[in-house]
Amino acid sequence: MSENAGGERAELHRVFRTGRTRGLQWRLDQLAAIEALCDEQEPAIAAALAEDLGRPPVEAWLGDIASTKGEAAYARKHLKKWMRRQRQPLPLAQRPGRGWVQYDPLGSVLVIGPWNYPFYLSMGPLVAAVAAGNCALLKPSELAPATSALLADLVPKYLDSQAVRVVEGDGATTQRLIAQGYDHVLFTGGTEIGRKIMAAAAPTLTPVTLELGGKSPVIVTSDADLDVTARRIAWVKLMNSGQTCIAPDYVLAERSVVDTLTAKIVENMAVFRAQEASTGQRIVNRRQFDRLRGLVESTSGTIVTGGGCVEAELRIEPTVIRDPAPNDAVMADEIFGPILPVLGVENTAAAIEFINARPKPLALYVFTGSNRLGEDLIDAIPSGGAVINHVAMHCLVPQLPFGGVGASGIGQYHGRWGFEALSHRRAVLAKSAKPDLALTYPPYTDRAIKIMRRLF
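Rules behind the numbers
- Residues numbered from 1 in each chain as written.
- Predicted model: local features only at pLDDT ≥ 70, side-chain atom pairs only at ≥ 80, totals over all residues.
- Heavy atoms only, no water.
- Helix = DSSP H or I, 4+ residues; strand = E, 2+ residues; numbered from the N terminus.
- Buried < 20%, exposed > 50% of the residue type's maximum accessible area, 1.4 Å probe, protein only.
- Lys, Arg positive; Asp, Glu negative; His and termini not counted.
- Salt bridge = Lys/Arg side-chain N within 4 Å of Asp/Glu carboxyl O.
- Polar contact = N/O pair within 3.5 Å; in protein donor to acceptor, adjacent residues only side chain to side chain.
- pLDDT = per-residue confidence, 0-100.
- Contact = heavy atoms within 4.5 Å.
- UniProt positions renumbered as here; feature names shortened; annotations may be inferred.
- Pairing = 2+ DSSP bridges.
- Right-handed = clockwise from strand over helix to strand, strands pointing away.
- Domains from an automatic or database assignment.
- Buried area = accessible area lost by both parts, 1.4 Å probe.
- Nonpolar A, V, L, I, M, F, W, Y, C, P; charged D, E, K, R; others polar.
- Axes fitted to C-alpha atoms, helices over the stretch in contact; angles between N-to-C directions.
- Phe/Tyr/Trp six-rings, centres within 6.5 Å; stacked < 30°, edge-to-face > 60°.
- Lys NZ or Arg CZ within 6 Å of the ring centre and 35° of its normal.

## A few points about the side chain of glutamate 334
No. 1: Examined against the element boundaries, glutamate 334 turns out to sit in the loop between strand E14 (319-322) and strand E15 (339-345).
No. 2: At 7.9 Å, arginine 291 is the nearest oppositely charged side chain to glutamate 334, a buried residue that forms no salt bridge.
No. 3: From its side chain, glutamate 334 meets the backbone nitrogen of glycine 214 in a polar contact 3.1 Å long.

## Overview of the confidence of the model for the protein
No. 1: Here the protein shows a mean pLDDT of 95. Residues at 70 or above account for 98%.
No. 2: Long-range and interchain partners of residues 1-5, a stretch whose pLDDT sits below 50, account for 13 contacts in this model, where long-range means more than four residues apart.

## Some details on the UniProt feature "active site" (unreviewed entry) in the protein
No. 1: According to UniProt, the feature "active site" (unreviewed entry) maps to Glu211 and Cys245 in the numbering used here. A compact arrangement is adopted by the annotated residues: their sequence extent is 35 residues, whereas the largest C-alpha distance between any two is 9.1 Å.
No. 2: Residue placement: glutamate 211 occurs in strand E7 (residues 208-211).
No. 3: Judged by relative accessible area, glutamate 211 falls into the buried class, the value being 2%.
No. 4: When near neighbours in sequence (up to four residues on either side) are disregarded, glutamate 211 contacts Phe187, Thr188, Gly189, Phe402, Gly403, Gly404, Ser408, Gly411, Gln412 and Tyr413.
No. 5: Structurally, cysteine 245 is set in the loop between helix H9 (226-238) and strand E9 (250-254).
No. 6: Residue classification places cysteine 245 among the buried positions, given a relative accessible area of 14%.
No. 7: Discounting residues that sit within four places of it in the chain, cysteine 245 has contacts with Asn116, Leu212, Gly214, Ser216, Glu334, Phe336 and Leu362.

## Side note on the pairing of E9
No. 1: In terms of residue burial, E9 counts as a mostly covered element, since five of its five residues are buried.
No. 2: Of the two faces of E9, both are covered, the one formed by Tyr250, Leu252 and Glu254 as well as the one formed by Val251 and Ala253.
No. 3: Relative to E9, strand E8 (residues 217-220) runs parallel, the two being bridged by four bridges. Of the residues in E9, the one forming a bridge with isoleucine 219 is leucine 252.
No. 4: Handedness of the β-α-β unit built from E8, H9 and E9 comes out right-handed.
No. 5: Relative to E15, E9 runs parallel, the two being bridged by four bridges. Pairing of valine 251 across the sheet is with valine 342, part of E15.

## Here's the deal with the domain arrangement of the protein
When the parts of a complex come together, some accessible area is lost, and that lost area is often taken as the interface size.
No. 1: Split into domains, the protein comes out as domain 1 (8-212 + 408-428) and domain 2 (217-396).
No. 2: Distance between the C-alpha centres of domain 1 and domain 2: 31 Å.
No. 3: Counting from both sides, the interface comprises 17 residues of domain 1 and, opposite them, 16 residues of domain 2.
No. 4: When the two sides are added together, the surface that domain 1 and domain 2 hide from each other amounts to roughly 1500 Å², 55% of it contributed by carbon and sulfur.
No. 5: Among the residues of domain 1 in contact with domain 2, Trp115, Tyr117 and Ser408 are the three that bury the most area, contributing 33% of the side total.
No. 6: On the surface where domain 1 and domain 2 come into contact, there are zero salt bridges.
No. 7: For the side of domain 1 that touches domain 2, the elements supplying multiple residues, two or more each, are helix H3 (42-53) and helix H4 (57-83).
No. 8: Sorting elements by how many residues they give to the side of domain 1 that touches domain 2 places H3 first, with four residues.
No. 9: Grouping the amino acids of the side of domain 1 that touches domain 2 by side-chain chemistry returns eight nonpolar, five polar and four charged.

## Section: the sheet that holds E9
No. 1: Strand order in the open sheet formed by seven strands is E11-E14-E15-E9-E8-E16-E17, and the pairing between neighbours is mixed. The sheet is open, and its two edges are formed by strand E11 (302-305) and strand E17 (385-388), each paired on a single side. Across the sheet, the mean angle separating the axes of adjacent strands is 25 degrees when strand polarity is ignored.
No. 2: Of the pairings in the sheet, the one linking E8 to strand E16 (residues 363-367) comprises three bridges and is parallel in character. Across the sheet, valine 218 pairs through a bridge with tyrosine 365, a residue of E16.
No. 3: Relative to the sheet, helix H12 (residues 348-356) contacts E8, E9, E15 and E16, its axis offset from that of E9 by approximately 155 degrees.

## Things to note about the packing of aromatic side chains
No. 1: Taken as a whole and judged by the stated rule, the model has five aromatic pairs.
No. 2: Geometrically, the ring pair formed by tryptophan 82 and phenylalanine 419 is tilted, given 5.7 Å between the ring centres and 40 degrees between the ring planes. Residue tryptophan 82 is found in helix H4, and its partner phenylalanine 419 is found in helix H14 (residues 415-421); the two are separated by 337 residues along the sequence.
No. 3: For phenylalanine 419, a relative accessible area of 0% puts it in the buried group.
No. 4: An aromatic cluster is present here, built from Tyr74, Trp82, Tyr103 and Phe419 joined pairwise through their rings.
No. 5: Cation over ring: arginine 358 sits above phenylalanine 354, and NZ or CZ is 3.7 Å from the ring centre.

## Quick word on the sheet that holds strand E3 (residues 108-112)
No. 1: Reading across from one edge, E5-E4-E3-E6-E7-E19 is the order of the six strands in this open sheet, with mixed pairing throughout. Of all strands in the sheet, those bounded by a partner on one side alone are strand E5 (164-166) and strand E19 (409-410).
No. 2: With four bridges connecting them, strand E6 (residues 184-188) and E7 associate as parallel partners. Bridge pairing in E7 places valine 185 opposite valine 208.
No. 3: Helix H1 (residues 8-17) contacts E3, strand E4 (135-139) and E5 of the sheet and is inclined by roughly 155 degrees relative to E4.
No. 4: Packed on one face of the sheet, helix H7 (residues 171-179) meets E3 and E4 and runs near 160 degrees to E3.

See below:
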């Protein structure tokens, strides 16, 4: 479908009105098709991700392909149960009768994908859309052109091409699509663009799910296993060159362990990159490269490792910065690159105060040897999601809702939560014709009012 085609929402609505997407079998067929696409097209998907992001095949599989297939398989396995009516008890005044909640498809859903995980964060929301029985329009990111072209080619071949469509284009295309008035928009991207998406959806009162970002902090207490902590932080921080919305953005470690932890993070970064032939990690484009280089060059902290840049290849060395000032540029906005500030704090109370003085993050990570302390820290700091003794793994659990809070996002999806987010939770009350008490109709007598006050 050309990006210049008009009325995409109207075309999808015509398909939706036929009722073809409502049935269980259609939904199961689309989910199975997504699984098949992941299995059969893994080499092509990995090649597109390598072209767009320099992603190695194993990270393409883990970050985009396995995660997408897992979402589709989980939804397919549980969908029949999700679709069942949920009977509800009725108060005495409404008996005899039956009450239930049913999940109806919304109609047409617009999915706006990002560039950093351009397959998973496009197809994952699509899993929720088709599981809920909706038609869907997928608009991939123009900043990942190879993956966008691949989706435009493969999605119509595997899924119902009339009910699930792909439109390529830039921000102007996105604005044009939103203006058509879809029944729901699901956007994944940065907070500033998220504000524009929400504003564009307001004139048509289109509800939105915004999966945004923020500076996801890591707290490391003095009793944490520092070897495991350092490995897990370094592993996820370097994944996709740090261009991950739930990557650890900065670390707050108690002073008694901060030096040892820093050394172990540096050591693990070197080990994880030992077989890489290139210098530095690939950044998606010049604008992002220049922004990240500026963070390194302007920092008030001490660069413990890295700091080098290869402008011709848009590569930045994995960089660890110790104790930048709280108002340092690297501590202001989400880094979204292979740069990790590590700051020493006196205690966990200081860490709580530091984080809570800033916008609510998309994720919070706590490393500690105490289950109680871990849970106390989670309870004290608002965030979209949280993980104790690991980083980012909650995103791979379809049984858990995924989403932000405050500036890090609006709404949640994954698993049943995605099915419900893209369904209308409809209340239904079924009454019988008899009995039909005359006292409930006007004109009301004093006796009737007394009885009604007792009933209602």
